[in-house]
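Understanding the architecture of this molecule
Read off the chains here:
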Amino acid sequence: MDRPEGPLSGLLVADFSRVLAGPYATMLLADLGADVVKVEGPQGDETRTWMPPVRGDVSTYYLGVNRGKRSLALDLRDEADAALGRELATRADVVIENFKPGGLAKYGLDYDTVKAANPGTVYASISGFGSGEGKHVPGYDLMVQAISGLMSLTGDPDGPPYRAGISVFDVMAGNHAVIGILAALRHRDATGEGQHVEVNLLSSALTGLVNHSSAYAAGGVVPFRMGNAHPSVFPYEPLPTADADLIVAAANDGQFRRLCEVLDLPDVPGDPRFARNADRTKNREELRPLLVERLKTRGAVDWFEALTEVGVPCGPINTIDGGFAMAERFGLDPVVEVGEGDRAVPTTRHPIRFSATPAAYRLPPPELDEHGAELRAWLTEDRDA
């Protein structure tokens, strides 16, 4: 088997996860050189059928989080297939799974059993609500957005709560799983000892709510949705211009002074109602119309150019294509192609840049059991051969 290059080259990852949080984590590991074997049931990861949209006849959802992996289809209810799964886990540096807590024990693929055969393994489990009292509750991102309180913070103040536009806590938990895996590998390098890394969506959500979590935990304040406004900073929201809304995020006094200079409002920063951020936040209803009156004299893109020139954070509200176009403008090269010929797939670039060990895009998202024959042969051969 060809060994991928990169900072994680030489690591074998047995990926027993599906849908989003786990596959996203293992894709990031694969980008960095890990050899990821994606173990799927006979019907495959269900995101293969989450469509539209599609590219050809493949779900773009599946394509978005599964590059760089090899696919092995195993029916764990079949003892021969379960034995292959156990052999893979025994050989792996990292095992990652998102079954219901305890769900892999009947196949001999739980942490304690894998650890007995492979003491150095880093075994990462992702669940909705942890392995304690919440282990019986199915974990889906939308549920966690509701239960965590995020939806109570999202939407118009006078309207219903809304979910975020993406599965934000699945992505966050995937990132936390990567952090945990890398930290555990560092510990293993120093001691030879593997360990169990547990991540759950609700804990990822509560830490990810940051200032709102702190408002409750440290201040006893239960925040509620304010539309696009920020509870502690103003201006930090969309404001109307001549043709479209513009996000303006003048989060400190210097930025606010420069904003007023460009808007030709020289007296506003000296007004005691608006001198400091706390003043501006308290008196936002008086300040907003002054800003909007000037912003409505030009279009959003014109203001973006003028305000960015003096270091005032702002930006037009784009659709996704506009976001990619902006990344292109900034030289971020957001799209890379993985695979060749008919299998080539455009995909979003890995988010981290390395000066010495860049991410690589070696394999396109695999077809179901695409690498099954070679992996079965490898798993059944004598390790010492």
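These notes cover the structure that comes with them. Computed from a prediction, not measured in an experiment: that's the story for all the values here. (Residues numbered from 1 in each chain as written. Predicted model: local features only at pLDDT ≥ 70, side-chain atom pairs only at ≥ 80, totals over all residues. Heavy atoms only, no water.)

1. Description of the overall build of the chain
Looking only at helices and strands, one finds 14 helices and 13 strands in the chain. Within the chain, contacts between residues separated by at least 24 positions form 66% of all contacts whose residues are at least 6 apart in sequence. When the accessible area of the chain is evaluated, it comes to approximately 19400 Å², of which 54% is carbon and sulfur surface. Across the chain, 37 positive and 54 negative side-chain charges occur, with their mean positions spaced 3 Å apart. (Helix = DSSP H or I, 4+ residues; strand = E, 2+ residues; numbered from the N terminus. Contact = heavy atoms within 4.5 Å. Areas by Shrake-Rupley, 256 points an atom, 1.4 Å probe, with all protein chains shown as cover. Lys, Arg positive; Asp, Glu negative; His and termini not counted. Charge placed at Lys NZ, Arg CZ, Asp CG, Glu CD.)

2. Describing the environment of Met143
Looking at where Met143 falls in the secondary structure, it is placed in helix α5 (residues 141-148). As for Met143 and Gly128, which are separated by 15 residues in sequence, their C-alpha atoms are 8.9 Å apart. If sequence neighbours within four positions are ignored, Met143 has contacts with Phe129, Val137 and Pro138.

3. Here we look at the pattern of salt bridges
Taken as a whole and judged by the stated rule, the model has 21 salt bridges. For Arg288, the salt bridge is made with Glu237, and the minimal N-O distance between the two is 2.9 Å. Taken together, the positions of Arg288 in helix α11 (residues 284-295) and Glu237 in strand β9 (residues 236-240) put the pair 51 residues apart, joining distant regions of the chain. Summarising the burial analysis for this pair, Arg288 and Glu237 share the class buried. In this structure, Arg273 and Asp271 form a salt bridge, with 2.7 Å as the shortest nitrogen-oxygen distance. Here Asp271 falls in the buried class, since its relative accessible area comes to 18%. (Salt bridge = Lys/Arg side-chain N within 4 Å of Asp/Glu carboxyl O. Buried < 20%, exposed > 50% of the residue type's maximum accessible area, 1.4 Å probe, protein only.)

4. Structural notes on the sheet that holds β9
Across the sheet, three strands lie side by side as β9-β10-β11; this open sheet has antiparallel pairing. A strand with exactly one partner marks an edge of an open sheet, and here the two such strands are β9 and β11 (314-316). Neighbour to neighbour, the strand axes of the sheet diverge by 25 degrees on average, direction disregarded. Sheet topology places strand β10 (residues 245-249) next to β11; three bridges connect them, and they run antiparallel. The residue bridging Ile247 from the neighbouring strand is Gly315, located in β11. Against the sheet, helix α12 (residues 300-309) makes contact with β10 and β11, and its axis sits at roughly 155 degrees relative to β11, the strand it touches most. (Pairing = 2+ DSSP bridges. Axes fitted to C-alpha atoms, helices over the stretch in contact; angles between N-to-C directions.)

5. Digging into the packing of α5 against helix α7 (residues 201-208)
Contact pair α5 / α7: the axes reach a minimum separation of 10 Å and the direction vectors enclose 50 degrees. With respect to α7, the element α5 is oriented oblique. In this structure, α5 meets α7 at a crossing whose hand is right-handed. Along its contact with α5, which presents Asp141, Val144, Ile147 and Ser148, the element α7 presents Leu201, Leu202, Ala205 and Leu206. Residue classes in the contact of α5 with α7 are distributed as six nonpolar, one polar and one charged. (Parallel < 35°, antiparallel > 145°, perpendicular 65-115°, else oblique. Left-handed = near helix turned anticlockwise from the far one by under 90°. Nonpolar A, V, L, I, M, F, W, Y, C, P; charged D, E, K, R; others polar.)

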